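# Examination of the molecular architecture
Single-letter residue listing:
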Amino acid sequence: MKFLFRADASLQIGSGHVMRCLTLANALREQGHTAKFITHAHVGHLADLIEKQGFECILLPCPQPNPPSQAGEGKHGFSGSLKHAAWLGTTQERDFAECEPHILDFQPDWIICDHYALDATWQNLAQKICPTKIAVIDDLHDRPHQADVLIDQNWGHRAQDYADLLPPHCRVLAGTRYALLRPEFAFWRNKMPEISVKKAFSGSLQKVLLNLGGVDKDNITLKILQNLAENGKNTLDLTVVMGASAPHIASIHHFAQNAPFPCQVIVNANNMAELMAQSDWAIGAAGSTSWERCCLGLPTILLVLADNQRPIAQQLQSVGAALAFDVAEIGSAKWQKALATFSQPENLSQMAENAKKLCDGKGVARVINQIMNITHQTDHTQIRPAQHDDMKMIFDWRNHISIRQFMLQQDELIWENHQNWFTKQLSNPNFKMLIYTVNQMPQGYISFTQIPEKTDCWEWGFYTAPDCPRGHGTQMGHLALAWAFGELGACEIRGRVLPHNGASLRLHEKLGFFRQPENAEMVDFSLFSHQFLF
């Protein structure tokens, strides 16, 4: 298949959008697909890097500010209806007009949009000229999209955040399960136990990684280095990583030559995961690199360099995975206290564990599996929460002999009892009921029951409707488990199956469940979040 990426980088935008698109593009190419990029020639663009990695890149001219000529245009000649409209430098219609001939020529199967200044306006224009599917990478949930799948890799974000912003068929992949990390991060995550042992015997200097993204246009890096030097942090061994488009590289090199502590400066590091794995802690921006650090369990002092980074910083601090600061707080008493805390290794172990729980480094595989699943489907299948209006339908399904024969309790349900039970369960936080739909028609039921002694462990049950077409069990299972591990935040799902229910036994094994020790009455299964790649 052919994938067209539309993303920009600049001194204002930073490099994160293009970098995560490159991660996805490389993984798609490894599976035999073709990827192409369209990007604007903003100051700080990454077209050279894209081409260096072997991808064709269409470099559009840098938009030139024009005097307003159309109703609704702002003083720079582009619409200000979106919060980040200025990042595009032109209107969405003009941007699309520049992209249109390249879309028509390439005829992509998928267009991947990763841009805070693009919304359904641009995406609708694309689908009018080409029968393409559209994937959007976003984390702001502040504008409508015309998309088949939306990827939001921020921890704590949910599909509900995009209510009324997406078409009914759009599938939302939300949370750090879908973080777009390069394969090296999963590799070094597996080596962390071995590295941790070596760190314990490495001496008195603490290895600290300082990286504020690929640009750092305001040279906050130098401000931090100067603060560390002024406070006599001579027990540190600093590694500073910067992007090639960063405008202040020379000043950082100059500081490093005279620093009162070891200070190495690396431009365009190609071994970021290794550098993180070998560090004791980090100072970093609260952008998408946060999930790389979490994957490797790297305790971090987080800096908010843009408004869209503030939620990430607050979320990571709230779960004890990092300490968050505004730039203005560098050098404050709060900052000094954080440095003192991080200087004591015993204070870092719990933060490392908290961070590591948030991201397992397998997001790219999950995203590609979801994209392939959507591509090859002829029907729109989804999972939604059960509603009061579903009560009678579920009652009829459950009492059908084809379903009832595989239940632990095989007696027919009594309507009055079912009414009371169903109404109560709708508001039970420890019991979740879902409906599987095919082209928005209900075709299956799934439930998740929280295990009392393990709050992140749930037991599931499910069945397809008696008249559901054959072949939907696996798809329903994939969607339901993705919901449980993503939206519900489950770490483990358990299943219990009657020995004579051959279809369910086979389905559990097909979905990747592992059989537990046999007992006489039931066959028990278990599946952990990191084992499920969907």
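See the structure shown above.
So, here's what we can say about the structure.

Next up on the list: helix H13 (residues 363-375). For H13, which comprises 13 residues, the first-to-last C-alpha distance of 18 Å matches the rise-based estimate of 18 Å (1.5 Å per residue) to within 8%. The element H13 is extensively covered by neighbouring structure, given that ten of its 13 residues are classed as buried. If you check which residues of H13 are buried, you get Gly363, Val364, Arg366, Val367, Ile368, Gln370, Ile371, Met372, Asn373 and Ile374.

Taken in spatial order, the seven strands of this open sheet run S3-S2-S1-S4-S5-S6-S7, and their pairing is parallel. Strands at the two margins of the open sheet, each flanked by one partner only, are strand S3 (56-60) and strand S7 (171-174). For this sheet, the mean angle separating the axes of adjacent strands, direction not counted, is 20°. The pairing of strand S1 (residues 2-7) with strand S4 (residues 110-114) spans five bridges and is classified as parallel. The residue of S4 that forms the bridge with Ala7 is Asp114. Against the sheet, helix H3 (residues 92-106) contacts S1, strand S2 (34-40), S3 and S4, and its axis sits at roughly 160° relative to S2. H13 rests against S1, S4, strand S5 (133-137), strand S6 (149-152) and S7 of the sheet, and its axis sits at about 175° to S7.

Turning next to the pattern of salt bridges. A full pass over the atoms with the stated rule returns 21 salt bridges. Asp114 is paired through a salt bridge with Arg20; the nearest N and O atoms lie 2.6 Å apart. Residue Asp114 is found in strand S4, and its partner Arg20 is found in helix H1 (residues 16-30); the two are separated by 94 residues along the sequence. Here Asp114 and Arg20 have matching classes, each one buried. Members of the salt-bridge network, linked through shared partners, are Arg6, Asp8 and Asp95.

Moving on, we get to the packing of aromatic side chains. Using the criterion set out here, one finds 19 aromatic pairs in the structure. Seen in terms of ring centroids, Phe255 and Phe261 are 6.3 Å apart; in terms of plane orientation they differ by 50°. Their pairing is tilted. Through pairs of rings, three or more aromatic residues link up here, namely Phe448, Trp460, Phe462, Trp483, Phe513 and Phe525. Lying over the aromatic face of Phe106, Lys2 brings its terminal NZ or CZ to 5.2 Å of the ring centre. In this structure, Lys334 packs its charged tip against the face of Phe325, placed 4.8 Å from the ring centre.

Orientation of helix H14 (residues 391-399) relative to helix H16 (residues 415-426), taken along the N-to-C sense of each, is 125°, at an axis distance of 10 Å. As judged from the angle between their axes, H14 and H16 are oblique. When the axes of H14 and H16 are compared, the crossing they make is right-handed. Contacts between H14 and H16 involve Met391, Lys392, Ile394 and Phe395 on the former and, on the latter, Trp415, His418, Gln419, Phe422 and Thr423.

Moving on, we come to the packing of H3 against helix H4 (residues 120-129). As a packed pair, H3 and H4 sit with axes 10 Å apart at the nearest point and diverge in direction by 30°. As the angle between them shows, H3 and H4 are arranged roughly parallel. Crossing geometry of H3 relative to H4 is assigned as right-handed. Contacts from Gln92, Glu93, Asp95, Phe96, Cys99, Glu100, Ile103 and Leu104 of H3 reach H4 at Thr121, Trp122, Leu125, Ala126 and Ile129. Counted by class, the contact of H3 with H4 contains eight nonpolar, two polar and three charged residues.

Moving on, we get to the side chain of Asp95. Structurally, Asp95 is set in helix H3. On the accessibility criterion, Asp95 (0% relative accessible area) is buried. Apart from the residues lying within four places of it in its own chain, the contact partners of Asp95 are Arg6, His40, Leu88, Thr90, Leu118 and Trp122.

As judged from the eight bridges shared by strand S16 (residues 441-451) and strand S17 (residues 454-464), these two strands associate in the antiparallel manner. Pairing of Ile446 across the sheet is with Phe462, part of S17. Hairpin connection between S16 and S17: a loop of two residues separates the two successive antiparallel strands. One crossover worth recording links S17 to the parallel strand S18 (residues 492-497) by way of helix H17 (residues 473-486), and it is right-handed.

Turning our attention to the sheet that holds strand S15 (residues 431-438). Spatially, seven strands are ordered S14-S15-S16-S17-S18-S20-S19 in an open sheet, and the strand pairing comes out mixed. With partners counted over all chains shown, the strands left at the sheet margins are strand S14 (381-385) and strand S19 (514-515), one partner each. Along the sheet, H16 contacts S15 and S16; its crossing angle with S15, the most-contacted strand, is approximately 100°.

Here we come to the nonpolar core. Ranked by internal contacts, the top residues of the largest apolar core, which has 62 residues, are Phe5, Phe37, Ile446, Phe448, Trp460, Leu481 and Ile493. Ranked by the residues each element gives to this core, the list is headed by H17, at eight residues. Here Trp460 is in contact with Ile446, Ser447, Phe448, Gly477, Ala480, Leu481, Ile493, Arg494, Gly495, His508, Leu511 and Phe513, once residues within four sequence places are set aside. In terms of nonpolar packing, the next biggest core, distinct from the first, is built from 33 residues, Leu212, Met242, Ala246 and Ala256 among them.

Helix length check: H16, at twelve residues, gives a terminal C-alpha distance of 16 Å against a target of 16 Å (1.5 Å per residue), a fit within 8%. For H16, the set of buried residues is His418, Phe422 and Gln425. Viewed end-on, H16 has its buried residues packed into an arc of 70°, placing them on one side of the element. Set apart from the buried face of H16 by more than 90 degrees, the exposed residues are Asn420 and Lys424. Those residues of H16 that are buried are in contact with H14 and S15.

As for its position among the elements, Ile50 is in helix H2 (residues 47-52). Separated by 29 residues in sequence, Ile50 and Cys21 have C-alpha atoms that sit 9.8 Å apart. The residues touching Ile50, leaving out its near neighbours within four places in the chain, are Val18, Leu22, Phe37, Phe55 and Cys57.

Parameters at a glance
For every chain, the first residue of the written sequence is number 1, and numbering continues from 1 along that sequence. Only residues with pLDDT of 70 or above have their local features reported here, since the model is predicted, and side-chain atom pairs are shown and tallied only from 80 upward, although totals for entire chains, interfaces and linings are computed over all residues. Based on all heavy atoms of the structure, the side-chain values leave hydrogens and waters out of the count. Helical segments are the DSSP runs of H or I of at least four residues, strand segments are the runs of E of at least two, and each set is numbered from the N terminus. For a helix, the expected span equals 1.5 Å multiplied by the residue count minus one. Per-residue accessibility, obtained with a 1.4 Å probe over protein chains only, is compared with the maximum for each type, and a residue is labelled buried under 20%, exposed over 50%, and partly exposed between these values. Being paired, for any two strands, means DSSP has found at least two bridges between them. To get an axis, fit a line to the C-alpha atoms, keeping to the stretch in contact for a helix; angles then go from 0 to 180 degrees between the N-to-C directions. Only heavy atoms matter for contacts: two residues are in contact if any of them lie within 4.5 Å across the pair. Whenever Lys or Arg places a side-chain nitrogen within 4 Å of a carboxyl oxygen from Asp or Glu, that contact is recorded as a salt bridge. Note on aromatic pairs: the rings of Phe, Tyr and Trp (six-membered ring only in Trp) are paired at centre separations within 6.5 Å, and the planes decide the class, stacked below 30 degrees, edge-to-face beyond 60, tilted for the rest. By definition, being over a ring means that NZ of Lys or CZ of Arg is both within 6 Å of the ring centre and within 35 degrees of the ring normal. Here is the rule for angles: anything less than 35 degrees is roughly parallel, anything more than 145 is roughly antiparallel, 65 through 115 is roughly perpendicular, and the remaining ranges are oblique. Left-handed describes a crossing in which the near helix is turned anticlockwise from the far one by less than a right angle; the clockwise case is right-handed. As a working rule, the residues Ala, Val, Leu, Ile, Met, Phe, Trp, Tyr, Cys and Pro are called nonpolar, Asp, Glu, Lys and Arg charged, and the rest polar, with Gly in that last group. For a crossover, the right-handed case is the one in which the path from the first strand over the helix to the second runs clockwise, viewed with the strands pointing away from the viewer. By nonpolar core we mean a set of buried residues, namely Ala, Val, Leu, Ile, Met, Phe, Trp, Tyr and Cys, connected to one another through side-chain atoms within 4.5 Å. By definition, the arc is the one covered by directions from the helix axis to the C-beta atoms.

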